[in-house]
Amino acid sequence: MSINDGDAATGSASFADAEARSARLEAALQREPAAHRVLTGDRPTGPLHLGHYFGTLQNRVRLQNLGVQLFVLVADYQTITDRDSPASLPEDVDALVADYLAAGIDPQRATIFAHSQVEGLNQLLLPFLSLVSVAEMGRNPTVKDELAASGQPAMSGLMFTYPVHQAADILFCKGTVVPVGRDQLPHLEIARLIARRFNRKYSPERPYFPEPDALLSNAPLLLGTDGQKMSKSRNNSIPLGATADETAKLIGRAKTDADRHITYNPAARPEVSNLVLLAALCSGRSPEAIAAEAGDGGSATLKRLVTEAVNEHFREIRRRRAELLGDRGHLRQVLLAGNARARDIANQTLADVRRLMHTSYG
Ligand code: TRP
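Residues numbered from 1 in each chain as written. Predicted model: local features only at pLDDT ≥ 70, side-chain atom pairs only at ≥ 80, totals over all residues. Heavy atoms only, no water.

## What about the packing of aromatic side chains?
Stage number 1. Counted by the stated rule, this structure contains nine aromatic pairs.
Stage number 2. Between Phe 128 and Phe 209, the aromatic rings sit 5.6 Å apart at their centres with planes inclined by 80°, giving edge-to-face as the arrangement. With Phe 128 in helix 6 (residues 125-129) and Phe 209 in the loop between helix 11 (185-202) and strand 5 (213-216), the pair connects residues that are 81 residues apart, well separated along the chain.
Stage number 3. Ring geometry for Phe 198 against Tyr 202: centres 5.0 Å apart, planes inclined by 45°, an arrangement best described as tilted. Taken together, the residues Phe 198 and Tyr 202, both in helix 11 and four residues apart, mark about one turn of the helix. (Phe/Tyr/Trp six-rings, centres within 6.5 Å; stacked < 30°, edge-to-face > 60°. Helix = DSSP H or I, 4+ residues; strand = E, 2+ residues; numbered from the N terminus.)

## Notes on the site of the ligand
Stage number 1. Of all residues adjacent to the ligand, which total 14 residues, the nearest are Arg 43, Gln 78, Gln 166, Asp 169 and Gln 184.
Stage number 2. In the model, an oxygen atom of the ligand is placed 2.7 Å from a nitrogen or oxygen of the Arg 43 side chain.
Stage number 3. A distance of 3.0 Å separates a nitrogen atom of the ligand from a polar side-chain atom of Gln 78.
Stage number 4. Every element with two or more residues in the shell around the ligand is listed here: strand 1 (37-42), helix 10 (162-171) and strand 4 (177-180).
Stage number 5. A per-element tally of the shell around the ligand places helix 10 first, with four residues. (Near = heavy atom within 4 Å. Polar contact = N/O pair within 3.5 Å; in protein donor to acceptor, adjacent residues only side chain to side chain.)

Listed below in C-alpha cells is the structure:
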C-alpha cells in the first residue's frame, strides 16, 4: 500500500471540520469525561505567562476536574530543535512543572512527563515516519513558521519531521483529545493521518490507534501589554510568577489610547479592550461591567483596576509557585513519577506496535 492513499493531510475544508469536531468533542467530554484521554504540552522555553494561563492552563485544570485522564508533556526535544543552547533546560523544565502545579494540575490525577525520557515514545517515530511522505511533511505551514521564529539558519531533519514526533507524543498513550491553539492544527492533521494509515496497514480489522481530535480553545485571546500577541520574546507578557509590584509596573507600561471614557470594543480599541478583558478574566465579571466601573476615569483608573484584579486572582497561585520553586527535589519527584508512568504506557504500546507490524520475534 502506498502512503499516498488518497488521504489529504491538510485540506481547505479541514479548519471548519476541526472546529465542528471540537464542538462535538466538548459535549462528549461533558457527558463521559473518564472515557477521554487528554494529551497536551508545552515547550520548556521559560516561565509561562497570563496568555498561557487563560489560553490553556485553566482549561486543562477544568478538564482534570471534570474527570478526564490528563497527560501533560514537557516538550524538551522540541526545544532542542529550535534553540542554540539547551543549557538552561533543567531550570526551564523545573519552572514549567512549578507553573503547572501552581495553576492546579494535580500530579495525583494527571501525568506530567518529559518526552525525551520516554524511550518507547521516541521509538514510535521510526514506524510513523514510514507512513508519511516527504512532500506531506514539507507542506506543513507551522513547521515553516517555527523555523522562522527559531532564528535558526536551516531546517534540521528533526525540525522537518517534528510533526511526526508530535504524533508519537499523542499516540503513544492513545490520546484522543488534544487541546491546542489553531497554529497546531496542521500538526494534529499529521497525527490523525498516521493513526489512520497505521490502522489500515497493520490493524485493518480492529483500529489500534484512535484518531485524536483537537479541542480548540474558546477562551478570548489575551494580548500582550502592547496590544500584540502575548509572547515572552516580544517583552509584552505578564509572567504567571510576577510579583504584585512587577505586575503593577508591567500594567503601568501597557499601551492605551487618549480617550478617557473606557469602553470594551476590541476592534476599535484593541489595547484598552485587552486590559478590560484581562480584568474581566481575573475577576469573573463581564468586560462591559469592568469598562462601566472604569467609566470616565481614563487609563490610570483602568490600570489600577486591572492590577488589583490580576494580583488578587494570582495571589495564591504565586504563593504556591514560589513555595514549589523552593523545593526543586519535589518538582523532580513529580516529573520522575510522571516519566515512569509514561514509560510503562509507551512500552506497552511499543510491544503492541511490534506485534502488529510483525517485528516481534520473542
Ligand atoms: N508543538 C507544541 C507547541 O509548540 C508543543 C507540543 C509538543 C505538543 N508535543 C505536543 C502539544 C503534543 C500538544 C500535543 O506548543
